[in-house]
Amino acid sequence: MTTPQDTKRHGIHHSHEEMEWFDVLPGEQVAYRVHGKDVNNEYSVFDLRMAPKQGNGPVAIHHKADEIFRILEGEARFHVDGKEFNAAAGDVLVVPRGTPHAFLNIGDTHLHMSIMFTPPGDELIFKEVQGKSMEEIIELAKKYEVSVVGPPIVYSK
């Protein structure tokens with residue numbers, strides 16, 4: 001049963017200097033910004049940094065969460081529902097749950113994005129993938145109700 005105290009909302013401030021980055025895949029780091037548990041499990045926010053010409057893995061579908069990307073620095077190529085397009089700093093992209101998608105950094109500098117999941121939970125996989133093979137990651141994704149449906153997109157000029 002939910003009590004009034006359980007649903008009380010409060011402001012959250014996480015300064016840039018307090019960000020704790022951790023390695024995910026080679027050339028990829030994540031820093032959690034807003035945890036779902038802190039906002040009544042309505043959403044989560046994290047930052048992702050990716051090295052130049054680096055991809056984030058195979059085409060996947062999140063079955064229970066919408067994903068919202070905001071590019072802070074750099075340029076990415078997105079594959080969304082069979083279409084590919086480039087996005088740059090300042091762009092926002094919404095990927096509804098159930099939509100196949102992947103992305104990679106096509107720039108010569110680091111790609112830095114802020115990403116939101118609503119509802120939260122899918123972001124927790126990042127703490128578990130470090131050091132795992134792609135086969136292990138694909139199996140782990142099932143725990144988060146994420147399906148791998150295609151190979152990674154690759155960098156090409």
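I will try to describe carefully the structure that is included in this document. All values reported here derive from a predicted model rather than from experimental measurement.

### Describing empty space enclosed by the protein
On inspection of all chains with the given rule, the structure shows one cavity of 30 Å³ or more. Here the largest cavity is characterised by a volume of approximately 420 Å³. For the largest cavity, the lining is made up of 26 residues, of which Asn 56, Ala 60, His 62, Ile 125 and Phe 126 are closest to its centre. Residue assignment for the lining of the largest cavity shows that the elements contributing at least two residues are strand E3 (44-50), strand E4 (58-62), strand E5 (66-73), strand E9 (101-105), strand E10 (111-118), helix H1 (126-129), helix H2 (134-143) and strand E11 (146-152). By residue class, the composition of the lining of the largest cavity is 19 nonpolar, four polar and three charged.

### Thoughts on the side chain of His 79
Here His 79 shows up in strand E6 (residues 75-80). Residue His 79 is classed as buried on the basis of its relative accessible area of 14%. Apart from residues lying up to four places away in sequence, His 79 is in contact with Val 59, Glu 84, Pro 100, His 101, Ala 102 and Ile 153.

### Let's talk about the side chain of Glu 123
Mapping Glu 123 onto the fold places it in the loop between E10 and H1. Within the buried set, Glu 123 has no salt-bridge partner at all; the shortest N-O distance to an opposite charge, 8.0 Å, is to Lys 64.

### Quick notes on H2
Along H2, the residues that are buried comprise Ile 137, Leu 140 and Ala 141. Summarising the axial view, the buried residues of H2 lie within an arc of 110°, below the 170-degree limit, and thus occupy one face. Residues of H2 that are exposed and angled more than 90 degrees away from the buried face: Glu 135 and Lys 142. Looking at the buried positions of H2, the neighbouring elements they touch are H1 and E11. At the exit of H2 stands Glu 145, carrying a positive phi of roughly 55°.

### Regarding the packing of aromatic side chains
In the structure shown here, the tally under the stated rule is seven aromatic pairs. Pairing Phe 22 with Tyr 32 gives two aromatic rings, centres 5.4 Å apart and planes at 55°, and the pair type is tilted. Taken as a pair, Phe 22 in strand E1 (residues 22-23) and Tyr 32 in strand E2 (residues 28-34) lie far apart in primary sequence, 10 residues in all. Each member of the pair, Phe 22 together with Tyr 32, is buried. Geometrically, the ring pair formed by Phe 69 and Phe 78 is edge-to-face, given 5.1 Å between the ring centres and 70° between the ring planes. The exposure classification of Phe 69 matches that of Phe 78, with both residues buried. Members of the aromatic cluster, joined through ring pairs, are Phe 69, Phe 78, Phe 85 and Phe 103. Here Arg 49 stacks its cationic end above the ring of Trp 21, 3.7 Å away from the centre of that ring.

Analysis parameters
Counting restarts for each chain: residues are numbered from 1 in the order of the written sequence. Local features are withheld for residues below a pLDDT of 70 in this predicted model, meaning they are given only at 70 or higher, and side-chain atom pairs are given and counted only at 80 or more; totals for whole chains, interfaces and linings count all residues. Processing note: side-chain calculations cover all non-hydrogen atoms of the structure and skip hydrogens and water entirely. In this analysis, the protein atoms alone were mapped onto a 1 Å grid. Cavities are point sets where a 1.4 Å probe fits without being able to get out; pockets are open sets with protein on both sides within 12 Å along at least five of seven lines; lining residues have an atom within 4 Å of a point. Grid points are joined across faces, edges and corners, and a volume is the space filled by probe spheres set on the points. Think of it this way: any DSSP run of H or I at least four residues long counts as a helix, any run of E at least two long counts as a strand, and we number them from the N terminus. Side-chain classes are defined by residue name, with Ala, Val, Leu, Ile, Met, Phe, Trp, Tyr, Cys and Pro counting as nonpolar, Asp, Glu, Lys and Arg as charged, and the others, Gly among them, as polar. Residue exposure (1.4 Å probe, protein chains only): buried if accessible area is under 20% of the type maximum, exposed if over 50%, otherwise partly exposed. Contacts were defined at the residue level, with two residues in contact if any of their heavy atoms lie within 4.5 Å. In this count, Lys and Arg are taken as positive residues and Asp and Glu as negative ones, while His and the chain termini are left out. Salt bridges are counted wherever a side-chain nitrogen of Lys or Arg sits within 4 Å of a carboxyl oxygen of Asp or Glu. Here the arc refers to the set of directions running from the helix axis out to each C-beta atom. Within 6.5 Å between ring centres, the rings of Phe, Tyr and Trp (the latter by its six-membered ring) count as paired, and their orientation is classed by plane angle as stacked under 30 degrees, edge-to-face over 60, tilted in between. Two limits define a charge over a ring: the Lys NZ or Arg CZ must be within 6 Å of the ring centre, and within 35 degrees of the ring normal.

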